[in-house]
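# Summary of structural features
Take a look at the letters that make up each chain.
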Amino acid sequence: MKTNGNTILITGGSAGIGFELAKQFSQLGNKVLITGRNADKLKEAASKLENVIPISGDVTDSESTDQLVAQIKQEHPELNIVINNAGYADVYQLDADANAFSKASWEMETNYLSIVGLTEKLLPTLLKNENSAVVNVTSIVAYYPQKMLPTYTASKAALKAYTDVLRETFEDQLNVFELIPPLVNTDFSKEIGGENGIPPKEVADELILALEKNQWLVPVGMSKDFVNV
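The following paragraphs examine the structure supplied in this document. Keep in mind that this is a model prediction, so the values were computed, not measured.

Conventions and cut-offs
- Residues numbered from 1 in each chain as written.
- Predicted model: local features only at pLDDT ≥ 70, side-chain atom pairs only at ≥ 80, totals over all residues.
- Heavy atoms only, no water.
- Helix = DSSP H or I, 4+ residues; strand = E, 2+ residues; numbered from the N terminus.
- Rg over C-alpha atoms; globule rule 2.2 N^0.38 Å.
- Buried < 20%, exposed > 50% of the residue type's maximum accessible area, 1.4 Å probe, protein only.
- Areas by Shrake-Rupley, 256 points an atom, 1.4 Å probe, with all protein chains shown as cover.
- Pairing = 2+ DSSP bridges.
- Axes fitted to C-alpha atoms, helices over the stretch in contact; angles between N-to-C directions.
- Contact = heavy atoms within 4.5 Å.

## Details of the overall build of the chain
When you go through the chain residue by residue, the secondary structure sums to six helices and seven strands. At 17 Å, the chain has a C-alpha radius of gyration in line with the 17 Å of a compact globule built from 229 residues. Taken over the C-alpha atoms alone, the chain extends approximately 50 × 35 × 35 Å along its principal axes. Looking at the chain residue by residue over its 229 residues, the buried ones come to 52%. By element, 49% of the accessible surface of the chain is carried by carbon and sulfur atoms, the whole surface being about 10,800 Å².

## Things to note about the sheet that holds strand β1 (residues 7-11)
Taking strand neighbours across the sheet as the criterion, the seven strands line up as β3-β2-β1-β4-β5-β6-β7 in an open arrangement whose pairing is parallel. At either margin of the open sheet sits one strand with a lone partner, and together these are β3 (52-56) and β7 (217-219). The sheet shows a mean angle of 15° between the axes of neighbouring strands, taken without regard to direction. Against the sheet, helix α3 (residues 62-75) touches β1, β2 (31-36) and β3, its axis set at about 165° to β2. Running over the sheet, helix α5 (residues 150-169) touches β5 (133-137), β6 (175-180) and β7 and is turned about 155° from β6.

Structure representation (structure tokens):
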């Protein structure tokens, strides 16, 4: 795949891995759309970069997602790459008082069901454009579960399975990548010792290399110890 001249949507693009992806792809000469719930954070992020357009939206809300998709079809019909990066995690351990059902419901909605919904709604646009791709950001925990992230682990495992089936289903029409970061030093991962993680730039660098090589599985850092490419 070519890594310039694309129009790319990145969910959760105002911070962390999403922001670094937006930065690097914009520097390569792509038009980048970033989305997220916080309009102010999106605008602030976009102001630091070139060729980046903020579009506020909540991918866990069906009406908001419909508005996002309609705006893309109207203003950016050439969209050819979607990076499903937005995520949510609760840090806890399973016990009788963990309220795991409630926590798991929100994690599954954010990390899995919203991605299925957004991807489905954007498929008609992606399939009509050249050099099209979906990149789903899973996690090392989809391969190596962690008891402090019990239902986040499950949501990322579900996303991994969906990604595999999506790739197989649209084998000749759509490039489907799985980006598999380990612990990354972002605000998102502060509760689990994110300061000990790799920088977001390393994740973005690996994805760009993988796109150039059409390497569907993209393990980063420690993830390479658990994922055979």
